[in-house]
Amino acid sequence: MPRLGCIAMASVVAGSVNAVSLSELCKVSNVQAAVESLDILGIDLDASSVTAAIANSSSSSGGMAKKKRQEMSQDDSESYTYCNVSMTYSHTGRDDEVALLYAFPTPSDFANRFYVAGGGGYSLSSSATGGLEYGAAGGATGAGYGSLEGTSFDDAILYGNGSINWDATYMFGYQALGEMTIVGKPLTKALYSMANSTTLYTYYEGCSDGGREGMSQVQRWGEEYDGVIAGAPAFRFAQQQVNHVFSSAVEHTMDYYPEPCALEKIVNATIDACDPLDGRTDGVISRTDLCQLNFDLSSIIGTPYYCAAETSTSLGFGFSRRLLKRQGSEGSQTSSTPEQNGTVSAQDVEVAQKIYQGLHNSRGERAYLSWQIGSELSDASPSYDNTTGKYVLNIPSTAGGYITKFVQLRDVDNLSDLDGVTYDTLVEWMQIAMVRYLDSLQTTLPDLTAFKEAGGKLLHYHGESDPSVPAASSVHYWQSVKEIMYPSSSFSTAALSTAGNSSAASGETMNDALEDWYQFYLIPGAAHCNTNSLQPSPYPEDNMQTMIDWVESGVRPSRLNATVSSGDYEGEVQRLCMWPQSPLWHGNSTEFDCVDDEASIASWTYKFDAFKLSVY
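Residues numbered from 1 in each chain as written. Predicted model: local features only at pLDDT ≥ 70, side-chain atom pairs only at ≥ 80, totals over all residues. Heavy atoms only, no water.

A. Structural detail: the overall build of the protein chain. The helix and strand inventory of the protein chain stands at 19 helices and 22 strands. Residues classed as buried in the protein chain amount to 59% of the 616 residues present. If you take every contact in the protein chain between residues at least 6 apart in sequence, the share linking residues at least 24 apart comes to 73%. Surface accessibility of the protein chain: about 22400 Å² in total, with carbon and sulfur atoms responsible for 46%. (Helix = DSSP H or I, 4+ residues; strand = E, 2+ residues; numbered from the N terminus. Buried < 20%, exposed > 50% of the residue type's maximum accessible area, 1.4 Å probe, protein only. Contact = heavy atoms within 4.5 Å. Areas by Shrake-Rupley, 256 points an atom, 1.4 Å probe, with all protein chains shown as cover.)

So, in structure tokens, the structure goes:
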């Protein structure tokens, strides 16, 4: 299904809806009049389906609430009054129906903004209220398969065994959010009587699949957005999802299933050893590249470990174990483990080494990258068989369900086993899915010219110790955009290394054109879309304000604010380095330099020669 072509829109005459109060704005007749004034090519809006009612919402209902707001008590959260609007539309010439939901703030609170929130897992956001705290109208979409009612895309991907629901696939991939936005923007301007010449600033914010959704909008609907904040995007869907079974395949191939406590000891010992390499001992690996280049995992062999008996939850789609324990997630699996007491063996370390090295085929060609050294090995945790008293294969349903449904086209929630599965099999699965969903779910188009030329700003960030979506995945996309859009510019690692601590003019010249609209930040020690229970990492809390200042006031960021939430430096605000620079601390102080390091950048750079197609 191609993206809808050019958009013809009727002029919105200022004063056509003279709303002076929320109650007047929120009349069904007013909303219907605004809907009827819209003419959008390929979209048939049903004005008779419009509902409108005044409602209240707390600030915590947004798609990407700030961390400090997540920790507020219900009594402390702010409440917003808004107009809750719903309607449906169909695609011209098709007998379908797509539900839309919009939230319009009180006119006195409206700040000429429209906000789109990302979802997570296989679900688009079902809330339209995330922008209320910013004075923004917002929207959400049912995507044509019941997303607003809680139907997740993985439940809609197949009509039946062997039959792909391509309508749902394209809608989830990028189309539904784009269409919700091209309807919501002129509708907002009409309801608030905005003149055509008045800018309606349009923002997107999301993490995990919400980050992928944000990238889908930049890539497919770039001219519609002024500012996009995309965290830890789960793009490169074929590789990303199949990669979740790689850890299990390593153990299956070795026919060895380490005690989870041994894996935890390897990770914690790595953190302890690599923490000082960045210049400050604070419990955070701020330079996983230096850890990868300088630390030998085999030095952990013989280290004792102990873990009490517990009930734990393995990694699900898009969430670290810390989040899963607190709130649960699609694809999560709960198991009980007995007390564990032993020493780290050579086989334990070999499992970790193979996982951190990433997937290669039998010819030694790289198929995908892996999690940074020191990241939690969540996917590798085997299951404990209470009957045999042994640890056995555990296949994360994140990967298993993707492989059965999206690759094998069977309506089955997980793989039953990995019998006969080799590393070449994983590469084959990635190849099949990459080609099949290249124009829908991969979300890796590197030419962002339409977004750039429309004046859009992109803030892209990723937790460096993300145990779900590898941080290097984001680095590789940034490199792809750079190489496609600035092919004649020199961004070589050799040139970057000459800049050193002084940010030499050559480095500034090379990067300035890209940084003017696209900035990427690694968050030291952070996990997936949140802080890390294993490292007291900093985490950005005011990305939307940073983006608003950038878009509306021209205040271009050069560093990113992030607050340490625990540990000895709790409350410290760190100004994070923009990639490709990395932090180097001045001892145990609060000061660090942003440095360019050729070996560092090279350690983040990958060529996927297991595939003949370019993998952006």
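B. Expanded view of the nonpolar core. Core analysis: the largest hydrophobic core is formed by 137 residues, its most contacted members being Y102, F104, Y402 and Y518. For this core, the element with the highest residue contribution is helix α4 (residues 166–191), accounting for 13 residues. Ignoring anything within four residues of it in the chain, the contact list for Y102 reads C83, N84, V85, M87, F114, A128, G138, G139, M180, V183, G184 and L187. Core analysis: the second largest hydrophobic core is formed by 24 residues, Y115, A117, Y461 and L560 among them. (Core = buried A, V, L, I, M, F, W, Y, C linked by side-chain atoms within 4.5 Å.)

C. Layout of the pairing of strand β22 (residues 592–595). Looking at chain direction, strand β21 (residues 582–585) and β22 are connected through 4 bridges and run antiparallel. Bridging from a neighbouring strand, W585 pairs with F592 of β22. The loop that links β21 with its antiparallel partner β22 comprises 6 residues; one of these, G587, has a positive phi angle of about 65°. (Pairing = 2+ DSSP bridges.)

D. Up close: the pattern of salt bridges. Summed over all chains, the structure comprises 17 salt bridges. R280 is paired through a salt bridge with E572; the nearest N and O atoms lie 3.0 Å apart. Of this pair, R280 sits in the loop between α8 (260–274) and α9 (288–294) while E572 sits in the loop between β19 (560–564) and β20 (573–576); the two residues are 292 residues apart in sequence, bridging distant segments of the chain. Looking at R280, the relative accessible area reads 1%, which means it is buried. Within this structure, D512, E515, D516 and R556 form a network of salt bridges that share partners. (Salt bridge = Lys/Arg side-chain N within 4 Å of Asp/Glu carboxyl O.)

E. Examining the state of the cysteines more closely. Applying the stated rule across the entire model yields 5 disulfides. In this model, C207 is linked to C529 through a disulfide, with the two sulfur atoms separated by 2.0 Å. Sign of the S-S torsion, about -95° for the bond between C207 and C529, identifies this disulfide as left-handed. Within this pair, whereas C207 is found in strand β8 (residues 201–207), its partner C529 is found in the loop between β17 (518–523) and β18 (538–539), the two being separated by 322 residues in sequence. Comparing C207 with C529, the two get one shared label, buried. Residue pairing for C261: its cysteine sulfur links by disulfide to C307, the two sulfurs lying 2.1 Å apart. Here C261 and C307 share a disulfide; its torsion about the S-S bond, 80°, makes the bridge right-handed. In this pair, C261 is assigned in helix α8 and C307 in strand β10 (residues 304–307), connecting sequence segments 46 residues apart. (Disulfide = S-S within 2.5 Å.)

F. Representation of the sheet that holds strand β2 (residues 79–91) in the model. Spatial strand order, β1-β2-β3-β5-β4-β8-β9-β16-β17: 9 strands in an open sheet with mixed pairing. Two strands in the sheet have a free side with no partner beyond their single neighbour: β1 (43–58) and β17. If you compare each strand with its neighbour and ignore which way they point, the axes differ by 20° on average. Two strands pair when backbone bridges link them, and strand β4 (residues 113–117) and β8 are joined in this way by 5 bridges, in the parallel orientation. Its bridge partner being in β8, Y115 is matched across the sheet by Y203. Strand contacts of α4: β1, β2, β3 (98–105), β4, β5 (136–141) and β8, with the helix running at about 45° to β3, the strand carrying the most contacts. Those strands touched by helix α5 (residues 209–220) are β8, β9 (227–231), β16 (457–463) and β17, and its axis lies near 145° from that of β8. (Axes fitted to C-alpha atoms, helices over the stretch in contact; angles between N-to-C directions.)

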